Amino acid sequence: MGVGGVGGNYNVGNLTSFSPPKESGFSKFGKVLTSLGSAIPGVGGAISALGAGGANTSFDRQYQLLQLQSEMQQQAQMINMISNINKTKHEASMAAIRNVK
Amino acid sequence: MDNVNLSVSLTQEEKRFLMEAALLMRDCDRLDEAMEMFRAITPLVEDKHLPMVGVGTIHFSRGEFDEAVEVFEKAVAFRDESAIAHAHLGEALAFAKQNEEAKLALDRAIELDPKGEDGGEMAKTIQKFLSYGLI
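A.B. asks: Could you clarify how one ought to interpret the packing of aromatic side chains in this entry?
C.D. replies: What characterises a pair of aromatic rings is the spacing of the ring centres plus the angle enclosed by the ring planes. Residue and element names in this part refer to chain B. Inspection of the entire model under this criterion finds 3 aromatic pairs over all chains. Their ring planes at 35 degrees and their centres at 5.2 Å tell us that F65 and F95 sit as a pair that is tilted. A residue pair is termed long-range when its members are at least 10 positions apart, and F65 in helix 4 (residues 65-78) and F95 in helix 5 (residues 83-95) qualify at 30 residues. Pair check on accessibility: F65 and F95 agree, each one buried. Grouped by ring-pair contacts, the aromatic residues F60, F65 and F95 constitute a single cluster.

A.B. asks: Explanation requested: the pattern of salt bridges in the structure shown.
C.D. replies: When charged atoms on two side chains of opposite charge get close, those side chains can pair. Residue and element names in this part refer to chain B. Inspection of every chain in the model, using the stated rule, returns 10 salt bridges over all chains. In this structure, R26 engages D27 in a salt bridge whose closest nitrogen and oxygen atoms are separated by 2.9 Å. Exposure class is identical for R26 and D27. Each is buried. Of the charged contacts in the structure, one is a salt bridge between E33 and R30, with a shortest N-O distance of 3.3 Å. Looking at E33, the relative accessible area reads 35%, which means it is partly exposed. Overall, R30 belongs to the partly exposed group, its relative accessible area being 42%. If you follow the salt bridges from partner to partner, you end up with D80, R108 and E111 in one network.

A.B. asks: Honestly, the layout of surface pockets in this entry has me stumped. Any pointers?
C.D. replies: In this model, the largest pocket occupies a volume close to 300 Å³. Along its surface, the largest pocket is lined by 15 residues, and A:A96, B:H49, B:E81, B:S82 and B:D118 are the ones closest to its centre. Of all the elements in the fold, those that place two or more residues in the lining of the largest pocket are helix 4 (41-98) of chain A together with helix 3 (49-61) and helix 5 of chain B. The residue inventory of the lining of the largest pocket, partitioned by class, reads 6 nonpolar, 3 polar and 6 charged.

A.B. asks: Explanation requested: the environment of B:R26 in the structure shown.
C.D. replies: Residues and elements named next belong to chain B. Note that R26 resides in helix 1 (residues 12-27). For the pair R26 and S61, spaced 35 residues apart in sequence, the C-alpha separation works out to 8.9 Å. Of the polar contacts made by the side chain of R26, one reaches the side chain of D27; its length is 2.9 Å.

A.B. asks: Is there a simple way to think about the interface of chain B and chain A in this case?
C.D. replies: By a widespread convention, an interface's size corresponds to the accessible area lost as its parts come together. Opposite the 33 residues of chain B that make contact, chain A presents 28 residues. On the chain B side of the interface with chain A, the three residues burying the most area are B:D27, B:F129 and B:L134, jointly 22% of the side's total. The interface formed by chain B and chain A holds 1 salt bridge in total. Between B:E91 and A:K89 there is a salt bridge, and its shortest N-O distance comes to 2.8 Å. Here chain B is connected to chain A by 5 residue pairs in polar contact (both at pLDDT 80 or more). Only helix 1, helix 3, helix 5 and helix 7 (120-131) of chain B provide two or more residues apiece to the side of chain B that touches chain A. The element that contributes the greatest number of residues to the side of chain B that touches chain A is helix 1 of chain B, accounting for 8 residues. In the side of chain B that touches chain A, the residues fall into 14 nonpolar, 6 polar and 13 charged.

Procedures and definitions
Residues numbered from 1 in each chain as written. Chains lettered and ligands numbered in written order. Predicted model: local features only at pLDDT ≥ 70, side-chain atom pairs only at ≥ 80, totals over all residues. Heavy atoms only, no water. Phe/Tyr/Trp six-rings, centres within 6.5 Å; stacked < 30°, edge-to-face > 60°. Helix = DSSP H or I, 4+ residues; strand = E, 2+ residues; numbered from the N terminus. Buried < 20%, exposed > 50% of the residue type's maximum accessible area, 1.4 Å probe, protein only. Salt bridge = Lys/Arg side-chain N within 4 Å of Asp/Glu carboxyl O. 1 Å grid on protein atoms, 1.4 Å probe; cavity = no way out; pocket = protein on both sides within 12 Å on 5 of 7 lines; lining within 4 Å. Points joined across faces, edges and corners; volume = space filled by probe spheres on them. Nonpolar A, V, L, I, M, F, W, Y, C, P; charged D, E, K, R; others polar. Polar contact = N/O pair within 3.5 Å; in protein donor to acceptor, adjacent residues only side chain to side chain. Contact = heavy atoms within 4.5 Å. Buried area = accessible area lost by both parts, 1.4 Å probe.

Next up, the structure:
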């Protein structure tokens, strides 16, 4: 069945603006390390290397993966809701037609 | 050929068949043919609100929400106790950005069909979309 037939006006893309994913704690920690490194000249290099080159990259990747996972879950949820609305519409139509006079 | 009575009488099975065929046309995105079928069925059935709802869903599919609201309102005026007509009216009103009226129509659909088989469940699902701000 063409989605445009009944549920075409519902937009899967809407859900991303519905509940935006929040920044993870890991990513925030990485950013703090990086900014600390640039603020203190003496120890800056070492911390900055830890923050930007090492831990931060890993944290960022983890954050990106979590963000992607969250977006996928939201899209799956939206598709499920649209599928549900199409199902209820179809069932209501068929119930009405069954008893048409 | 003067005064020839051309009235057509259909069995319930035939009415059901025609309605299902029109729905199938609509769901295959053959909207013009579906519209023609729903309009042609309207004078042939007692439950005229059902093909009217069909016509409204075609306007809705085309994104013509104001026209859809107009047709669904006629369906509701014809059969006020039809939960499916109220549910579709609520949906079209929501998409026409008339949220307060939409809520009233959806509430009425649920009130008329608490079991959810004839439009009540559909109204509940649309209410969920509305409450999430997705319409």
